[in-house]
Amino acid sequence: MKRFRFNNDSGKSLFCWFVLLGGFLLGVLLPNIFWKTQIQKGGFAGIYLMETFTRAELAWEDYFLLLIKERMTGIFLLMICGVSVFGVPAALFMSVWTGFFLGGVLTVSILQFGAVGGVVGLGLFFPQYALYLPVLFVLTSMACSFSCKCWKNQKITAKELRSYGGKCLLLIGIQTAGIALECFLNPVCVEFLINKLQIF
């Protein structure tokens, strides 16, 4: 029977899944702990929803460029860190932060608006995160693989770098498609859910 090893790509991908789930759990727990003292007073869920609508009212070119800046910055940094010793910590940070963000927004939406708030909270991530999350898992796995070689002082060949660059270009294309979905389709989905469920 083959032993599980972290230096396998499947092992790294699975590990990043667990890290993201840990961040998600943290995002669920902290709002519940601080709900009565800070979060409820701030009305964070309502503010986030209003910010989403305000952004969607921008000209589509401005909104798209804003999303490019926000969604691509972390991806580019992780790609660069992936070919250095900083790849593993960068991958862990990205996974924890993404999980924390998803869990936090969903939890605060439920605490603020009840069960219907949870539905709208899910709508905030649809459909773009169907592309964002696979990009994150593949990229964190790649970054961990290359970074581990740097930690072990193993030589990275030109062929491996070309393969890494090609995969990064493909992931950038998928991430851009997700940004397009967030720009054009997500506001329609969120507005439909809010009007249908009469959350405001």
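Quick summary incoming for the structure in this document. Everything numeric in this text was worked out from a predicted model, so none of it was measured.

Procedures and definitions
- Residues numbered from 1 in each chain as written.
- Predicted model: local features only at pLDDT ≥ 70, side-chain atom pairs only at ≥ 80, totals over all residues.
- Heavy atoms only, no water.
- Helix = DSSP H or I, 4+ residues; strand = E, 2+ residues; numbered from the N terminus.
- Buried < 20%, exposed > 50% of the residue type's maximum accessible area, 1.4 Å probe, protein only.
- Areas by Shrake-Rupley, 256 points an atom, 1.4 Å probe, with all protein chains shown as cover.
- Polar contact = N/O pair within 3.5 Å; in protein donor to acceptor, adjacent residues only side chain to side chain.
- Contact = heavy atoms within 4.5 Å.
- Patch = residues over 30% accessible without salt bridge, like charges linked within 9 Å, V, L, I, M, F, W, Y side chains within 5 Å.
- Salt bridge = Lys/Arg side-chain N within 4 Å of Asp/Glu carboxyl O.
- Core = buried A, V, L, I, M, F, W, Y, C linked by side-chain atoms within 4.5 Å.
- Axes fitted to C-alpha atoms, helices over the stretch in contact; angles between N-to-C directions.
- Parallel < 35°, antiparallel > 145°, perpendicular 65-115°, else oblique.
- Left-handed = near helix turned anticlockwise from the far one by under 90°.
- Nonpolar A, V, L, I, M, F, W, Y, C, P; charged D, E, K, R; others polar.

## Some thoughts on the overall build of the chain
Alright, step 1. Within the chain, the secondary structure is distributed over eight helices and zero strands.
Alright, step 2. Tracing the chain from N to C terminus, the helices and strands come up as α-α-α-α-α-α-α-α.
Alright, step 3. Expressed as a percentage of its 200 residues, the buried residues of the chain come to 42%.
Alright, step 4. Here the chain has roughly 11,400 Å² of accessible surface; of this, 71% comes from carbon and sulfur atoms.

## Re the side chain of Ser 147
Alright, step 1. In this structure, Ser 147 sits in helix α6 (residues 129-151).
Alright, step 2. Assessed through its relative accessible area of 0%, Ser 147 is described here as buried.
Alright, step 3. Within polar-contact distance, the side chain of Ser 147 engages the backbone nitrogen of Val 88 at 3.2 Å.
Alright, step 4. Those residues in contact with Ser 147, other than ones at most four positions away along the chain, are Gly 82, Ser 84, Val 85, Phe 86, Gly 87 and Val 88.

## A few points about a nonpolar patch on the surface
Alright, step 1. Residues Trp 17, Phe 18 and Leu 21 make up a contiguous nonpolar surface patch of roughly 340 Å² in combined accessible area.
Alright, step 2. Its place among the elements puts Phe 18 in helix α1 (residues 9-42).

## Quick notes on unusual backbone geometry
Alright, step 1. Omega for the bond connecting Phe 126 with Pro 127 falls within 30 degrees of zero, at 0°, which places this linkage in the cis form.
Alright, step 2. Tracing the chain through its elements places Pro 127 in the loop between α5 (115-124) and α6.

## Describing the nonpolar core
Alright, step 1. Counting residues in hydrophobic clusters, the biggest one holds 23 residues, and the most contacted among them are Ile 75, Leu 78, Met 79, Leu 139, Tyr 164 and Leu 171.
Alright, step 2. Elements supplying a minimum of two residues to this core: α1, α3 (60-81), α4 (87-113), α6 and α7 (158-184).
Alright, step 3. In terms of residues, this core owes the most to one element, α6, which gives ten residues.
Alright, step 4. Setting aside residues no more than four positions away along its own chain, Met 79 makes contact with Leu 139, Tyr 164, Cys 168, Leu 171 and Ile 172.
Alright, step 5. One finds Phe 101, Val 105, Leu 124 and Tyr 132 within the second-largest nonpolar core, a separate group that totals 18 residues.

## Section: the packing of α3 against α6
Axes are the key here: two packed helices are described by the angle between their axes and the distance separating the axes.
Alright, step 1. Direction vectors running N to C along α3 and α6 enclose 20°, while the axes themselves pass 10 Å from each other. When the axes of α3 and α6 are compared, the pair comes out roughly parallel. The handedness of the crossing between α3 and α6 is left-handed. Counted together, Arg 71, Ile 75, Leu 78 and Met 79 of α3 and Tyr 132, Val 135, Leu 139, Thr 140 and Ala 143 of α6 form the full contact between these two elements.
Alright, step 2. Grouping the constituent residues of the contact of α3 with α6 by class yields seven nonpolar, one polar and one charged.

## Thoughts on the pattern of salt bridges
Alright, step 1. Under the criterion given, the structure shown has two salt bridges.
Alright, step 2. In this structure, the salt-bridge partner of Glu 182 is Arg 71, at a minimum N-O distance of 2.6 Å. Of this pair, Glu 182 sits in helix α7 while Arg 71 sits in helix α3, and the two are 111 residues apart along the sequence. No difference in accessibility class separates Glu 182 from Arg 71, as the two residues are buried.
Alright, step 3. We note a salt bridge from Lys 149 to Glu 160, for which the minimum N-O separation is 2.4 Å. Separated by eleven residues along the polypeptide, Lys 149 in helix α6 and Glu 160 in helix α7 bring together distant segments of the chain.

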